[in-house]
Structure formats: C-alpha cells, structure tokens
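# Tertiary structure, described
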Number of protein chains: 2
Amino acid sequence: MSWSSKTFIGEVRKLDQKRKETNALLLPSWLEHRPLVTTVELELNLPNLNDNTGDLDRLTKALKAGGYDPIHLNPLQISRYVAKTRQHQFEIKAVLGNALCHWDLIELLPPSSRSPILGIALDLGTSSLAFYLVDLNNRKILKEISTPNPQIGIGEDILTRILFSREDDNKRQLQHLLLEAFNQTVLSMLSEDGFLPADVYAVTVAGNTTMSHLLLGLDATTICKEPYIPAVNRFPFYHARDLDLRVHPDALVYIFPNVGSYFGGDLIAGILASGMHHSEETSILVDVGTNAEVVLGNRDWLIACAGAAGPALEGGVVERGMMAAPGAIDRIRIDPGSLELSYHVIGEGKPRGICGSGLIDLVAEMFNAGILTIQGKINRRIDFSRIVATTDGPGYVVVQAKETLDERDLVISEIDIGIFLKSKAAMYTILTVIANKVGLHFEDLKHFYVAGTFGNYIDPSMAIRIGMIPDLPLSTYQGMGNTAGCGAVMLLLDRHLLEDIERVCSQITYVELNVNMELMNEFRGALFIPHTDPKLFPSVQIPERALGKVS
Amino acid sequence: MSWSSKTFIGEVRKLDQKRKETNALLLPSWLEHRPLVTTVELELNLPNLNDNTGDLDRLTKALKAGGYDPIHLNPLQISRYVAKTRQHQFEIKAVLGNALCHWDLIELLPPSSRSPILGIALDLGTSSLAFYLVDLNNRKILKEISTPNPQIGIGEDILTRILFSREDDNKRQLQHLLLEAFNQTVLSMLSEDGFLPADVYAVTVAGNTTMSHLLLGLDATTICKEPYIPAVNRFPFYHARDLDLRVHPDALVYIFPNVGSYFGGDLIAGILASGMHHSEETSILVDVGTNAEVVLGNRDWLIACAGAAGPALEGGVVERGMMAAPGAIDRIRIDPGSLELSYHVIGEGKPRGICGSGLIDLVAEMFNAGILTIQGKINRRIDFSRIVATTDGPGYVVVQAKETLDERDLVISEIDIGIFLKSKAAMYTILTVIANKVGLHFEDLKHFYVAGTFGNYIDPSMAIRIGMIPDLPLSTYQGMGNTAGCGAVMLLLDRHLLEDIERVCSQITYVELNVNMELMNEFRGALFIPHTDPKLFPSVQIPERALGKVS
C-alpha cells in the first residue's frame, strides 16, 4: 500500500510521469550536432617525384586545408599513422578531436571503416557516478549507468575525503578508486554491445571542484581552507593515456572547469543544460546537493553563489531523513479538516525514512493544517494523537510503527523541523541575496530551474508554501534532472559549447556568501513559515491555527 | 717532418689559422639573444577571499598577461607546479620554452634560483655526432664534444642502415644506439662542470633526413625508394620524456625539418648559419658529404638540389683516399720547374692516405706542372721518376714507401684520378644546373659558402684551377665549418629562427637532379680540367704540357 488514501493517487502519478521525463536527459532543442570528435575522409595525392611532401605532412596539409588547423598529435604515434596511411594507399579516415585552440589527430581508420565514434560523459558526483555512453556520429545516448562513488567507503562527505587526501598515498588511493570505477564501468558498458575501449575517443567529466581535483590527483586541501582557493580552475585537456583510462589512449579528456572552490564544473555543465547563458530572459538555476548552488543571469551576465543550505533539504541531517531512494517517503498530504495523513513511498514498499521532497511536503502540510506554527513549533493545542513527546521535545508521528520497515514509529521532532527550517531559510536567503546583488525582483525571473534528483522530486507549490522558494507562477519552475550529466553529454555532441564554457567562466561573477553579513539579517526573517513578511508570499494562505501561540 | 719543403710552411700556417677560426663555430653578428627557453620572474597576488582564481590559473594568467600565450603544460606536472608555487609564496621563476605557436611551461624555479638554463645542440651526422652545450642565459657555448655515430658499427653508409632498419627490432636498435650515445655524452658533458640533466631545457637536432628519422624511430625505408618520400618533413615538437632523453623530462626537443629525402635538417640549419635567407645579395651554400647539397638564393627565394658528387671529393672512393683526419695529406704543392712535391699531413705524423683537399691540391698541382693533361691523363712524355705502372694503369707516386706509415708507396692511379674528376665534374654540373634553373650567372654570386670539414680544408684557388667550383674572386669563397651544428646552436639562442625555418621550408624549391637530363650534357664538358670551355675559367692558365697528347 503506497498511498494511505486514494485521493492523491492521481496527483502522485502526474508527478511521477514528469519525473521520468526529466530523468531521461532531455537534450535541448537548440543543441547543434557538431561533435567534439569528428571524422574526415581524406583522399591524398599519391607520393610522386614532383612532390616531395612527407607522408605525415601530406596528411596534415590536407587536414589544414579542410580547416582543421592547427593539428596536434602524439609524436609517438607518427610511425603508426604513416604505416596506416601507406597501407590504405593514402585514402584514410582521420578521427579528430577539438581542443578549443587546436585539433587533435586521435586515430586513422581505414576509409571504409564503420567502427563507431563513441564518447563517455561522466557526472562525477560526491555520492554517485553517472556514466553516459554516447554515439557521436548518430547523436544518441546509447546507455546510462549510475554507480555509487567508490570513495564513499573512505568518507561519505567531501570534507572527510579532503582531510584524508592530505597524505600523498591517500590522495593516490582516492584517485585510483575513481579511475578503477571508471574503467570497470565503462568496460562493462562497452562490452555489452560489443564495442571496444578504443572506440571511445572522448571523455567529458562534470564534477564539483573537489571531485575533479581528486579524479586528477590534484591537491584538494586548499579548497576547504580560507581563502578557499582550488589548485586549478580551468583544467588543460588531458589524454586518456595520462590517466590510464582504458579507452583510446589518445582520447581527449575534458574536465569541466570550476569558478571557485564551491562552484564546480557540475554547475557549469548545469548552466549549459539549462541554456540560460543563451537566453535573453533572466533565469535562475538552483542545485541542491551538499551545498545549495545558485546561478542567476542571462546571455549578458551571470552571477553565482553557493551556501550551506543543502543537507537538510536533501534529507541528510534530519534524524529519519534519507536520500530519495526506495523506502523514502517522497510525498505527503494532510487533510486540513480530518488531519488525516497520506504518503507515498519510492519503490512502493514500506517506508524507512523521509527524503527532501517528503520533508518539504510534511512541513508545508503540517503548516497548512495548523499543526505547525509560523515559528515552526508543533501546535500542541491541537489535541491530536500523532503528537508525542520525544527526548528531543515534542514530535509528530508521520507513520506508525506497524506500517514502517523497521517497525518503529517514524517521528519528526521539533528539533528536526528546526534544522530543516534553517536549511530552507538559508536557501531563500541565498536567493534573496543574489537577486539583491543585481537589483532584481523575483518577479523578473522567467525560469526557475531546479537541478538534480531533488529538482525532479520537489513539488514547487509545497516549497513555495513553506517559503523556501519565491512565490512565482508554478509554470516558472522546471525540474532539470541530472544537469551535470546532461551538460557533459551535450559537450560531446556540440564542440562549440567549449566556447560557451569559456564565455560562461569569464562572464560569471562568483559571490562568496561565507563572508557576506547581509545574509544574517535576511536569514532571520526566512526562518519563519513562510516568512516574517507575508507580502513576499501573497499566494500562501496562513491558517488561523498556525498563528496561535504555542504554550 | 710535415712539409718536405720549407717553402710552403708559411702558406700552410695561414690556412691552418683560418681553419681553426671557422672550426670555433662563429655565431653571426646579426643573431639576436631571444633564447628558445627563457625565464620569467613572477610575483603573483596572494590568494584572498576577493579573488577565487585557482593557483595554476593565477600562474597562467600572469604568464599570458606577459605575452606568453597560449601556454601549454604537461598535465601530469600540475600537482608539482601548484605545490612549488605555494611553497615559494607565489613568487616564482617560470622556465618557458617557445614552440612556435605556443609556449611550454617547462619548470618552476624558486625566485632566487641561480641554476643555469642550458640547451644541447646536436649535429646528427652520418659519421659523427657533434654536441654543443649552450648556456642560454649567457649566450655562450660552454662545451663541444664530437663522437663517432654509434650506428657505424651497423653500417658505414646511410643505405646500409636504411636496409637494416626494415625490421622493427633493428629500427629500434638503431634508435637506441643514438639515444644511448646522446645520454652518455650529454651526461659526461654536464657532470664535468657540475651541471644536472634537469638543467637542460631544450635540445635542437640538425641531421639529414635519414638520421632524423632513425633518431625518432620513424620508418626510413621510403627515403631511398622511388619516389623518395620521407615519412615526415616537418616534425612536431617532441619532449625529452617522449624519447627518454636524460635531460629535463619536459625539455623541448626540436628536430630541424627536411625539405625532402635528400635535403635534410642539417642543410636547413646550414642556411640559418650562412644567413643567406636574410641577405639581399644572392649566395650559394654547398655542403659536401655523402652527397653534394647545394642551396642558391637570397631573402626572396631559395632553390636547392642534391646530387651524388660527394664521396670522391671527401676522399672516400679513391684507393688511398681517407677522411680529413690525422695521417691524411691535406695540402700538396708541386714546383712546376723542378717538379718537386711538398705535402702536409694532418696531425704532423707520417702520411697514411690523402683526404679531399689533398686530392684537389694534387690534381690541381699535377695539372699546373703539366703532369696531368686537360683530359685527366698522366702525361708520360714527362720522363719523371714518380710516374709508375700499376695494375690500374699509369700511376703517380705522391709519397715514397720510406716516408709513409704503412711503408708502401702512396700512389694515385689514372683510374683514381678519373673517379675523382667525375666527382668534381658532378659538383660543377650541379652548380651550373641550379644556376641555369634561375637564369643566374656565377658572376652574380656575392658569397659562395662551403660547409663542413671539407669547407674548412679546401683551398678555393686549387678547386677553381681544376674546374670544380666557378672562377670567382677568392674573397667570394668562405669556409663555414659545421653549419649544421652552428644552426642548431643559433636556434637555442634565438627562438625567432623558428619562423625563419618555417619561411625557408615553405620558400625553398627543391630540384630533384636524379631525373634531370640536362645534367649529362653539362657533365661531359666538366670532366675536363678545368673544362672543355676555357672561357669559363679565365683565371686558370693552361700549361703547354697539359695540352699535349698522351700516347
């Protein structure tokens, strides 16, 4: 039994449908097909006495004449290139990778070769790695696999891993774990369809600043120490051979750049995925992970910031909170009349916890039913059987023991709610501060993109009700799914995005919120539900009971 | 006793002095000091909360601002670069190599570092390797060592080595021999002065087409097969790590390009050394090695060719011929009255053979004394004790057995002279054909540069007398010494020569003489001494006796 009341089945199905659609990695319609790695068929003049051009020069001259200029190549492959060119009587198909300022000659294939031109896009997340196998010629995502980040065994959170990485051996171990996971996952993805590692000519990686550093074996320790400066913002192009990636050894490896320690390549990829950097209209992109990361802007300007708003929103800090995964309650409705509670569980089994969207629903519905006051206190004046005393003060029983997986009451305490409200207040504050920075009113926003799993599960009307996000028309909000993965795939398919990335990076203004005092004042108002200033949320009706003093 | 007659001691001393001067690798006065590898001292802003630029980006931004743009680097060194930058509180000295279209970040040194910036220039010859250790900061050749080419053990001549290289294992063996010789020689050059391999940041190599290919492990077999197309004309920049050269692993390795199978990087370096590509006046550069290679031109145009004129001129084919080395007779004078012969031996010991300049002197002096006819026959009407009968027909005793090292008469036969005259005729023919190609008269030549050891030893007045080189004022002729080595050193000291090289390579027209029929007609006239057309050599007096018919 997934819904305790049938009233909400239709609603949850609608939300599920929407979620599936965005999970499927929608490539934007404006994306052109100019793949990062391309092939050119060449018919070279045969060497003759009247033309003493060397074999390799003959090849590079023809490529340059075709606009592939300048050409770089691995000098240790020249022998092989020359032998192949002669073997195929100077008719040859060149595999060329675009590295922004030059082209890389990656491979020479027989002119008639039908072997695929593949790429791997990697969303290098702190908790999971999402791999996309992409056919660059046919503009198709062939396969998608997500695996847990193997570094979790060393530390669940980024900070633990950074501290662990202080020893060189440990740093190498962290890197090795990722490279091994890459090699194993990619090999299995390829072999299922009979592809070869050498068919993969490009790898794009979008990760947060720390994860990118750990993948490359770079020092990540300065990221979490004031003044929070990473070793590298813009990574050079790597080749697979540099990292022992088991794809084509000369495959291009592109790591999305970061704009600072707390604004990584995953966000840059997210900007690409949203297309906000192309739009005349001003949009905002929010990614809630360990931090909440926010980008605001349009094709002319971009401003970004990140702040510690995330964990509770994702279900990470609250006692019975959990990530959006099977067993998590992700939807809750409370009938304001009967105070009857209905819920939905991901995977349709018994609940074992509550994820971010479930928490938002819970607080919003408790508030709507008057069980929660505008200060976020449980209204004990309502004589309601679900309200219990816990060691953490008053609590609210979301699911009774008999219905849960662990046969314990699933209770949320006032302290849990307090923690959650701090996160939602932090989120709203970040949005307010960044809008104020550029003198913008929320009403001016045409699109509000929410990235990640969180973006897919969240119900904007509930998030508005608790004052977590601005009170904008619901059509403004758009869950984006895995924007990091999407951006990484997009780059494989359109090399011109390399220029977009350059432009975005040089255009973006990063505001370090950690040192912004304006934050505290905004924050205090946002701790209330929805806010101390109700004019900010005209659509939210404040129930009489929520205004009642809690004795 | 080095001179049998004291008459010529003054003359030989004068020639020796001139030779020493040119051997000392004179750098042209127009050469500017813009070394291939340069250092830049940087004082970077310290990281702070208002500037989230990454450490590496901070460094590259500063370099770009200084005009070092674009910057390439070895991605595997980023960790080390970042650590060094922080270690020295963002004051750092960058070592930068110029690779024509970009700069290579090779190393970071402490700001106060006094460690030297060294380069190695290598003249990669078929018979010997000449190494020059160059101080790039102080524009100084610190040391110069010449060693035999270790491939001689496999084959004295290029062709044997090419044939040997057909097996991959053999090709690797040939390459390995050169790399080992490089590593051992350079290590000993460095350690004598307490330098470290890592102090060497650049290596320039000027070799003929085959030697360059063998050094890089490239297929050389197509060089000697019609249509004589090498694998590569313009080599990409290598790094020392690619070739396991034991200098700084990221040192730039530049291999001079070739213009064809028979016109190698040694000649391109020679053009640089002569400066003819800068001059308004038209010059000619001749390099006599296994082949005779000729370049004609000025700053606006260049034409080149190569032909088989060399071996006999270098002393290689004639029975008692030998390279210019200790024991070789390099100077000969014959008194036309007494017919008394005087000679000089390199190294001042007993003679064991006769080198190219000795042969030129011998034939010129025999002709002048009437011992040789204009047809190159020994004039037996002159009843002279030195004329003997050999199994190869009449011969001329240059040195009697009692004075030679092997206690055998040092005899030159009419057949030897015939072989030699074919070579000198080939040389004059090549010069004539190339001048005709561009409608030029020899009188228009302002400079006639003769490269190599041969250029240092040759006496132009003698070479003119036998009709080997045009009858120009003696001041036109200039021995250039090791032009390949000189050009390679020059490039270490002035990176702008990279552009000169590009220009020379694209400007130069290479004429394949092997397929030119005009050659045979010119050749027949040039077989005579000095020529069938005496008007071509107005300064040469033809002695009465040399006109005499030989019975």
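The following paragraphs examine the structure supplied in this document.

### Here we look at the sheet that holds strand β13 (residues 302-307) of chain A
Residue and element names in this part refer to chain A. In space, the six strands of this open sheet follow the order β21-β20-β11-β12-β13-β22, with mixed pairing throughout. Unpaired on one side and paired on the other, β21 (477-481) and β22 (508-512) mark the two borders of the sheet. The sheet shows a mean angle of 20° between the axes of neighbouring strands, direction not considered. Sitting on the sheet, helix α8 (residues 265-274) is in contact with β11 (283-288), β12 (292-297), β20 (447-451), β21 and β22, with an inclination near 135° to β11.

### Re unusual backbone geometry
All names here are of chain A. Here the residue pair aspartate 69 and proline 70 is connected by a cis peptide bond, since its omega of -10° sits within 30 degrees of zero. Its place among the elements puts proline 70 in the loop between α2 (55-65) and β2 (71-73). In this model, glutamate 226 is joined to proline 227 through a cis peptide bond whose omega is 0°. Mapped onto the secondary structure, proline 227 falls in the loop between α6 (209-216) and β9 (238-239). Unlike most non-glycine residues, glutamate 348 shows phi in positive territory, near 70°. Within the secondary structure, glutamate 348 is located in the loop between β15 (341-345) and β16 (353-354). Residue glutamate 348 is classed as partly exposed on the basis of its relative accessible area, which comes to 43%.

### Section: the relation of the copies chain A and chain B
You can overlay chain A on chain B at an RMSD of 0.2 Å; the transform is a turn of 179° with a shift of 0.0 Å along its axis. Taken together, these values place the two copies in the relation of a two-fold axis.

### Things to note about helix α14 (residues 483-493) of chain A
All names here are of chain A. With eleven of eleven residues buried, α14 lies mostly within the body of the structure. Within α14, burial applies to Thr483, Ala484, Gly485, Cys486, Gly487, Ala488, Val489, Met490, Leu491, Leu492 and Leu493. Backbone nitrogen of alanine 484 and a side-chain oxygen of the N-cap are separated by 3.2 Å at the start of α14; the cap is asparagine 482.

### Here we look at the interface of chain A and chain B
Listed per partner, the contact involves 42 residues of chain A and 42 residues of chain B. Interface of chain A and chain B: buried area, both sides summed, is about 3200 Å²; carbon and sulfur atoms make up 63% of it. A per-residue breakdown of the area chain A buries against chain B is headed by Leu49, Asn52 and Ile229 of chain A, which together make up 21% of the total. Counting every contact that joins chain A to chain B gives zero salt bridges. For the side of chain A that touches chain B, the secondary structure elements donating two or more residues are α2, β2 and α3 (78-87) of chain A. When grouped by side-chain class, the residues that make up the side of chain A that touches chain B number 21 nonpolar, eleven polar and ten charged.

### Description of the packing of aromatic side chains
Residues and elements named next belong to chain B. On inspection of all chains with the given rule, the structure shows 18 aromatic pairs over all chains. Here phenylalanine 237 and tyrosine 254 contribute two aromatic rings whose centre-to-centre distance is 5.2 Å and whose plane-to-plane angle is 45°, an arrangement assigned as tilted. Taken together, the positions of phenylalanine 237 in the loop between α6 (209-216) and β9 (238-239) and tyrosine 254 in strand β10 (residues 252-255) put the pair 17 residues apart, joining distant regions of the chain. You'll find phenylalanine 237 and tyrosine 254 in the same group, each marked buried. Summarising the aromatic geometry, the rings of tyrosine 428 and phenylalanine 537 are spaced 5.3 Å apart at their centres and angled 45° between planes, so their arrangement reads as tilted.

### Section: the state of the cysteines
All chains considered together, the criterion is met by zero disulfides over all chains. Of all cysteine sulfurs, the one in cysteine 101 of chain B lies closest to cysteine 101 of chain A, which takes part in no disulfide; the gap is 11 Å. Judged by relative accessible area, cysteine 101 of chain A falls into the exposed class, the value being 54%.

### Section: the side chain of threonine 60 of chain A
All names here are of chain A. Within the secondary structure, threonine 60 sits in helix α2. Residue threonine 60 is classed as buried on the basis of its relative accessible area of 15%. A distance of 3.2 Å separates a polar side-chain atom of threonine 60 from the backbone oxygen of aspartate 57.

### Observations regarding the pairing of strand β4 (residues 103-109) of chain B
All names here are of chain B. When you tally the buried positions in β4, you get seven out of seven residues, the bulk of the element. In the sheet, strand β3 (residues 91-98) pairs with β4 via six bridges, with the strands oriented antiparallel. Looking at β4, one finds that glycine 97 is bridged to aspartate 104. Taking the residues that link successive antiparallel strands as the turn, the β3-β4 hairpin has four residues, and the phi of leucine 100 there is positive, at about 65°.

### Some details on the packing of α2 of chain A against α3 of chain A
Residue and element names in this part refer to chain A. Between α2 and α3, the shortest axis-to-axis distance is 9 Å and the interhelical angle comes to 80°. Of the possible angle classes, the one that applies to α2 and α3 is roughly perpendicular. Facing α2, whose interface residues are Asp55, Leu56 and Leu59, α3 presents Ile78, Val82, Thr85 and Arg86. Broken down by class, the residue content of the contact of α2 with α3 amounts to four nonpolar, one polar and two charged.

Conventions we followed
Residues numbered from 1 in each chain as written. Chains lettered and ligands numbered in written order. Predicted model: local features only at pLDDT ≥ 70, side-chain atom pairs only at ≥ 80, totals over all residues. Heavy atoms only, no water. Pairing = 2+ DSSP bridges. Helix = DSSP H or I, 4+ residues; strand = E, 2+ residues; numbered from the N terminus. Axes fitted to C-alpha atoms, helices over the stretch in contact; angles between N-to-C directions. Contact = heavy atoms within 4.5 Å. Buried < 20%, exposed > 50% of the residue type's maximum accessible area, 1.4 Å probe, protein only. Least-squares fit on C-alpha atoms with pLDDT ≥ 70 in both. Polar contact = N/O pair within 3.5 Å; in protein donor to acceptor, adjacent residues only side chain to side chain. Buried area = accessible area lost by both parts, 1.4 Å probe. Salt bridge = Lys/Arg side-chain N within 4 Å of Asp/Glu carboxyl O. Nonpolar A, V, L, I, M, F, W, Y, C, P; charged D, E, K, R; others polar. Phe/Tyr/Trp six-rings, centres within 6.5 Å; stacked < 30°, edge-to-face > 60°. Disulfide = S-S within 2.5 Å. Parallel < 35°, antiparallel > 145°, perpendicular 65-115°, else oblique.

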